[in-house]
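Okay, here's what each chain looks like letter by letter:
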Amino acid sequence: MTAPASTICCPVCGHITDPADPYPFRCPRAGTDDADHLLTRVLDTAVVRFPPAPTPVSNPAAPVSDMNPFLLYRTLMHSYHVATARGLSDGAYRDLVASLDAAVAAVDGHGFRATPFFRSPGLSDALGFDPKGGVWVKDETGNVSGSHKGRHLMGVLIHLAVMERCGLTDPASRPDLAIASCGNAALAAAVVARAGGWRLTVFVPPDAQASVVHQLHDLGAKVIACPREPGTPGDPAYLTLRRELDLGALPFTTQGPENGLAIEGGLTLGYELVTDLAGEPLDHLIVQVGGGALASSTIQALREAVDLGALGRLPAIQTVQTTGAHPLERAYQRVRALLPDDPAPEAIRKIMAEAAQHRSAFMQPWPREPASVATGILDDETYDWRAVVEGMLTTGGRPLVVSEDSLTQAHRLAVARTGIPVDPTGSSGLAGLLELRRSGQVGDRDRVAVLFTGLQRGTP
Ligand SMILES: Cc1ncc(COP(=O)(O)O)c(C=O)c1O
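Bear in mind the structure is a predicted one, so any value in this text is a computation, not a measurement. (Residues numbered from 1 in each chain as written. Predicted model: local features only at pLDDT ≥ 70, side-chain atom pairs only at ≥ 80, totals over all residues. Heavy atoms only, no water.)

Caption draft 1: Spotlight on the sheet that holds strand 7 (residues 222–225). With parallel pairing, 4 strands are arranged side by side in an open sheet as 7-6-5-8. With one partner strand each, in any of the chains shown, strand 7 and strand 8 (250–251) form the two edges of the open sheet. With 4 bridges connecting them, strand 6 (residues 200–204) and strand 7 associate as parallel partners. Residue Phe203 lies in a different strand from strand 7, and its bridge partner there is Ile224. Most of the contacts of helix 9 (residues 236–246) go to strand 5 (residues 177–180), to which it runs at about 160°, and overall it touches strand 5, strand 6 and strand 8. (Pairing = 2+ DSSP bridges. Helix = DSSP H or I, 4+ residues; strand = E, 2+ residues; numbered from the N terminus. Contact = heavy atoms within 4.5 Å. Axes fitted to C-alpha atoms, helices over the stretch in contact; angles between N-to-C directions.)

Take a look at the structure:
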């Protein structure tokens, strides 16, 4: 057996997982101290290459199988590296992914395909951009189950299937999968778990939307309501999930600290951006942040593309949270206060390494139950905060805290100017852009991307 072309390790404590470990999800030292343990997939950049564009990735005439991001970018995935190191052929891996994708399509109507990415003339004009600059939109509303979340979970499902195929786990004695969510992540998990034939438990707050709970039941998930525990800070569904995971369930979550491999599936969104940009970098990327996996995985994907020579430079990473809850902004300010005005990359790395050893000094559960029209980004904690804070610091981006008025204005504008049925969480990155335009921090000729991440379900 050859060595896989990637490793899964915890950069905080140095733990490296055994490639034969079928569940390299959570650092074994997580929870034993105050350090921010997180398993991360690290590529051997001397071995892998960024896959060339097939034909323009969003060209509907391109061969369908090549447009599935889990096929297109398979050579960057840890499950591919483990499978091929154990003798599975490229063709056998492709067949496995294609059959799982067909199962997703049977549940959800379609499988995973590279989503559209385009310059929006309507938004660019409305925001006063020069024709040389403008607003680019990555539209995830047509993705599996109506958001980007399925990407994180499909990556994990493929990994689980590869482990069974390689004989490292027994398909006859599968543990249950578990997630804490009452929104897009839960729906995506239910679709993907059902496609793979896995049992899933979803922990939700007692006030979870009845229509979502219904859909989860219809998709075969077991749903358990978790009331808030008086005097206990933090999301009660997440706290219950933690207990379940300690009892042996597998984390089918979109939070990196629980399942580092969930970040890997999310990389496909950033890889698609790189392919579609075709070497012309963006000046700013604006990402809405809840638990932080979306931003963390997009930053990692772009950084890997730079390391592999597929992208010239990183854009400034700007993040968006609401006035209702902004734990990421608070953590950023705490780190920023320890740095000089114009910090060198080495100084940022050093402070981030120190912050990683003392998580609770930087990231704490938001003290009040938050409310916002952007319900998908109200997480009590930004679980994947560290990669996102570092991404902002190293690229000159900032954490934006946007008002409800801005969120509503951005949502109206997004729907009116693009015709995309995006929800207010999905268009919240645009609220950040409105504020950056008002303050003059984004210029007329800047190239800016926003991610329309969620489909409007029901009436807004
Ligand atoms: C539509 C949508 N966009 C963005 C996010 C934020 O993603 P993350 O929690 O990974 O930060 C969510 C999270 O639920 C979401 O549902």
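There is more to say after this.
Caption draft 2: How the structure looks around unusual backbone geometry. If you check the backbone angles, Ser145 has positive phi at about 60° while not being a glycine. Note on placement: Ser145 falls in the loop between strand 4 (134–139) and helix 6 (149–165).

Caption draft 3: Spatial organisation of the sheet that holds strand 3 (residues 117–119). The 6 strands lie next to each other as 3-4-12-9-10-11, forming an open sheet whose pairing is mixed. Edge strands, defined here as strands with exactly one partner in the open sheet, are strand 3 and strand 11 (399–402). Neighbour to neighbour, the strand axes of the sheet diverge by 25° on average, direction disregarded. Across 3 bridges, the pairing between strand 3 and strand 4 is antiparallel. Looking across to strand 4, one finds that Arg119 is bridged to Trp136. Against the sheet, helix 15 (residues 404–418) contacts strand 10 (316–322), strand 11 and strand 12 (447–452), and its axis sits at roughly 95° relative to strand 11.

Caption draft 4: Here's a closer look at helix 11 (residues 293–307). With 15 residues, helix 11 extends 21 Å from end C-alpha to end C-alpha; this agrees with the ideal 21 Å at 1.5 Å per step. Counting buried positions over the 15 residues of helix 11 gives 12, a clear majority of the element. Taken together, the buried positions of helix 11 are Ala293, Leu294, Ala295, Ser296, Ser297, Thr298, Ile299, Gln300, Ala301, Leu302, Glu304 and Ala305. Note on helix 11: the residue one or two positions beyond its end, Gly309, has a positive phi of about 80°. (Expected span 1.5 Å × (residues − 1). Buried < 20%, exposed > 50% of the residue type's maximum accessible area, 1.4 Å probe, protein only.)

Caption draft 5: Local environment of the packing of helix 7 (residues 184–196) against helix 8 (residues 210–218). Two elements in contact, helix 7 and helix 8, have axes separated by 9 Å at closest approach and are oriented at 10°. Taken together, the axes of helix 7 and helix 8 are roughly parallel relative to one another. Here Ala186, Leu187, Ala190 and Arg194 of helix 7 lie close against helix 8, whose contacting residues are Val212, Gln215, Leu216 and Asp218. Looking at the contact of helix 7 with helix 8 residue by residue, the classes come out as 5 nonpolar, 1 polar and 2 charged. (Parallel < 35°, antiparallel > 145°, perpendicular 65-115°, else oblique. Nonpolar A, V, L, I, M, F, W, Y, C, P; charged D, E, K, R; others polar.)

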